[in-house]
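The chain contents come next:
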Amino acid sequence: MRRSLAGLTFTPLRLSSPRSLLFMSSSLPSSAGKKPKQATLARFFTSMKNKPPGGSSSPEKATKHKLESGINEINSEGASAIKKLKHVSAVQTPVEPSDMSSNSSSLPSSAPSSGGVDASQKSRELTLKVEEEQGPIENDHYSSNIPYSEVCEVFNEIEATSSRLEIIRICSDFFTKIMKQSSKNLIPTTYLFINRLGPDYEPGLELGLGENLLMKTISESCGKSMSQIKLKYKEIGDLGEIAMGARNVQPTMFKPKPLTVGEVFKSLRSIAKTQGKDSQLRKVKLIKRMLTACQGVEAKFLIRSLESKLRIGLAEKTVLISLSKALLLHGGNEESSRVDDIPMDALESAQQKIRDAFCQVPNYELVINSCLEHGIMNLDQFCTLRPGIPLKPMLAKPTKAINEVLDRFQGETFTSEYKYDGERAQVHLLDDGTMRIYSRNGENMTERYPEIRITDFIQDIDATKNLILDCEAVAWDKEQGKILPFQVLSTRKRKDVELSDIKVKVCLFAFDILCHNGERLINKSLRERRDCLTKVTKVVPGEFQYATQIVTDNLDELQKFLDESVNQSCEGLMVKMLEGPESHYEPSKRSRNWLKLKKDYLEGIGDSLDLCVIGAYYGRGKRTGTYGGFLLGCYNQDSGEFETCCKIGTGFSDEMLQQLHERLTPTIIDGPKATFVFDSSAEPDVWFEPTTLFEVLTADLSLSPIYKAGSATFDKGVSLRFPRFLRIREDKGVEDATSSEQIVELYENQSHMQN
Ligand SMILES: Nc1ncnc2c1ncn2[C@@H]1O[C@H](COP(=O)(O)OP(=O)(O)OP(=O)(O)O)[C@@H](O)[C@H]1O
């Protein structure tokens, strides 16, 4: 069967067997270890345009070089004075909605011929003035003339589709189509699809728009009163639908000029970056401009993007797979001009390459541009980790007993390290001497630790130009010279920390080095990386130390080491492969080459779970006035859904219940989201927008007809028995919740142990 999308004919991807189906929906590392069939692959890749390193002369190339050297500094000094003046000239005249696509097009005749100090200072002043009026000026990396309506039509189609394979087909067909027009279209479009405004580590990309502000804007632009909007919102609970309904019945004198993907994306970024005096007003102005130009379904998705909830059931992983298909097709010649013509193993390799690159460089812009310039199959040479970009950290699998560890590492050389109880800190030293510290989620938290100076911990500062270290930041008692528990660390301020504010000292415990002087070390053995770490850095007691470690496979020695770690306020042990390819650092992967052994959880399933709060039950008796229990869900990374796995009411202090009531009540929504998978017998009294993760302990896991975690694997869902609240996970986003896949694995391990 052939389908047609906006004039182009595509044949849907045919999957030859249930096994291939399984691959398509499988998780990130699924194809590791599988060898693609060389003959088919070779045939396919020789038919691809050969793009030698750096040999491309495509128009994207120049842009790409600019991007690679400083994409995360988009609004900084990088944009030239001329470019700024160019924008200034265009924006000095008031821009009507219908003119939105025309700004930044012409150079003023007065543009300076060189970037002399006066000229650039002057342009900076002008830029600041315009930024004050309009929000920060963007350079043109995000230009795209694709009509925004086309993206919205695709969103609409996805919203109405439940099959993940079909969604992948829709997305990859669309990406292929827009790339045929210009490959530049892909970056802003991808960001709109994943509902983000840039890489996670780029600061200042929070839209910060409250529900009320959006209602007011809709009311003012679409000619409805605030009370009408509020009433409708109570009824249908979707501001997007409301804006679309209101906009579409609004009489207009002139047909507005259609919005483009480029201008919508750039306006969203400008809204996020608008700060300071009257920022709300300026944000509203930008929204109104777009809203008055919306037609058809555009207003629905524009408002949802502004709310940062697209609600179409599109998981980021699905977008990544679709992207790899489209990019692979784009790199091929006419013989392979349809997704169907690409051999399955070529697709598998391409997907793996793009995921690997993304784990090292979590920036769509850099990954896409690298694909376009060098070809997707050469990504591993050109798109690799670098100081200044936080790579996704390697993660560990839980274990329940030392015996399990010994079974796993039998016959191998492995090492055990203390598992410190603090916050992960990826420390980067950049060529220009600046230091950045990134969290587990790639958030820049350098400001949180103003007392840390990495240069103090480097042996030979002249010989070390840049590096990336993997560490745990732990609260430290300077007087007693010992580690303090995590709870003490969490009392430190998270923002705007001044040196004078610091009451709780921090010590960095380094356990890995991932890059040194531009050399990637992740494909070296842990033993080699450790040697490098101790050569390049030096211990400063109480400020920078190495993770305490031991190399032994003796059960008694390991038991003693585990007890010692706990006595020193650690959580237990991290046990790691020490030699050979299995000891390489695997970004983003929850690997069986790193096992965690947490002393407190040995009695349970070996680990705590981080689950998303999606609903609550009103408290009774002593708990009247607060919530008495909560409905929790894990996150299915394939479908983007939250699958319920337990009700929880144990482990909360009265104070915590009060806090949770205050925190969660503003996030109440009118009904369950389409992404909540639940059974009607466990319906809560109120539903929440997913915002908060609880770290939860459980005695064990069991199958239940009421809960839905992992129900695609088993007929029933996996649920937690006797769940107990431990704390709120402030350092994780809702999509970092324990995945359905992890829950299934924990359940299977538990059944295996019981048998
Ligand atoms: N020696 C060590 N080696 C590696 N990680 C360590 C070490 N000591 C402490 N850690 C911390 O332990 C974390 C992994 O264990 P844990 O399960 O507690 O973390 P988490 O954030 O809940 O992650 P997840 O549950 O997703 O694995 C690492 O992310 C790191 O922050």
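Computed from a predicted model, the values in this text were never measured in an experiment.

Student: So, the packing of helix H12 (residues 261-273) against helix H13 (residues 279-293): which residues are in play, and what are the values?
Tutor: Closest axis-to-axis distance for the H12/H13 pair is 9 Å, and the angle between their directions is 165 degrees. In terms of orientation, H12 lies roughly antiparallel with respect to H13. Pair H12 / H13 crosses with left-handed handedness. Residues Val264, Ser267, Ser270 and Ile271 of H12 pack against Lys283, Leu286, Ile287 and Met290 of H13.

Student: Give a description of the packing of helix H15 (residues 316-331) against helix H16 (residues 344-360) that names residues and reports values.
Tutor: Packing of H15 against H16 leaves a shortest axis separation of 9 Å and a crossing angle of 120 degrees. It follows that H15 is oblique to H16 by the angle criterion. The crossing of H15 and H16 is right-handed. For the pair H15 and H16, the contacting residues are Leu320, Ile321, Leu323, Ser324, Lys325 and Leu328 in the first and Ala346, Leu347, Ala350, Gln351, Ile354, Arg355 and Phe358 in the second. Looking at the contact of H15 with H16 residue by residue, the class counts come to nine nonpolar, two polar and two charged.

Student: Provide a residue-level description of the site of the ligand, including the pertinent values.
Tutor: For the ligand, the full set of nearby residues is Leu395, Ala396, Glu417, Lys419, Tyr420, Arg424, Arg440, Glu472, Phe511, Ala547, Met574 and Lys596. A per-class count over the shell around the ligand returns six nonpolar, no polar and six charged.

Student: Could you give an account of H15, with specific residues and numbers?
Tutor: The end-to-end C-alpha separation of H15 is 22 Å, in line with the 22 Å expected for 16 residues at 1.5 Å each. Summarising burial for H15: 14 of the 16 residues are buried, a large majority.

Student: So what's going on with the UniProt feature "domain: ATP-dependent DNA ligase family profile" (unreviewed entry) in the protein? Residues and values would help.
Tutor: Per the UniProt record, "domain: ATP-dependent DNA ligase family profile" (unreviewed entry) is annotated on residues 499-636. End-to-end, the C-alpha atoms of residues 499-636 are 41 Å apart, and along that stretch the chain is 17% helix and 39% strand.

Calculation rules
- Residues numbered from 1 in each chain as written.
- Predicted model: local features only at pLDDT ≥ 70, side-chain atom pairs only at ≥ 80, totals over all residues.
- Axes fitted to C-alpha atoms, helices over the stretch in contact; angles between N-to-C directions.
- Helix = DSSP H or I, 4+ residues; strand = E, 2+ residues; numbered from the N terminus.
- Parallel < 35°, antiparallel > 145°, perpendicular 65-115°, else oblique.
- Left-handed = near helix turned anticlockwise from the far one by under 90°.
- Contact = placed C-beta atoms within 7 Å.
- Nonpolar A, V, L, I, M, F, W, Y, C, P; charged D, E, K, R; others polar.
- Near = placed C-beta within 6 Å.
- Expected span 1.5 Å × (residues − 1).
- Buried ≥ 20, exposed ≤ 12 C-beta atoms within 10 Å, placed from the backbone.
- UniProt positions renumbered as here; feature names shortened; annotations may be inferred.

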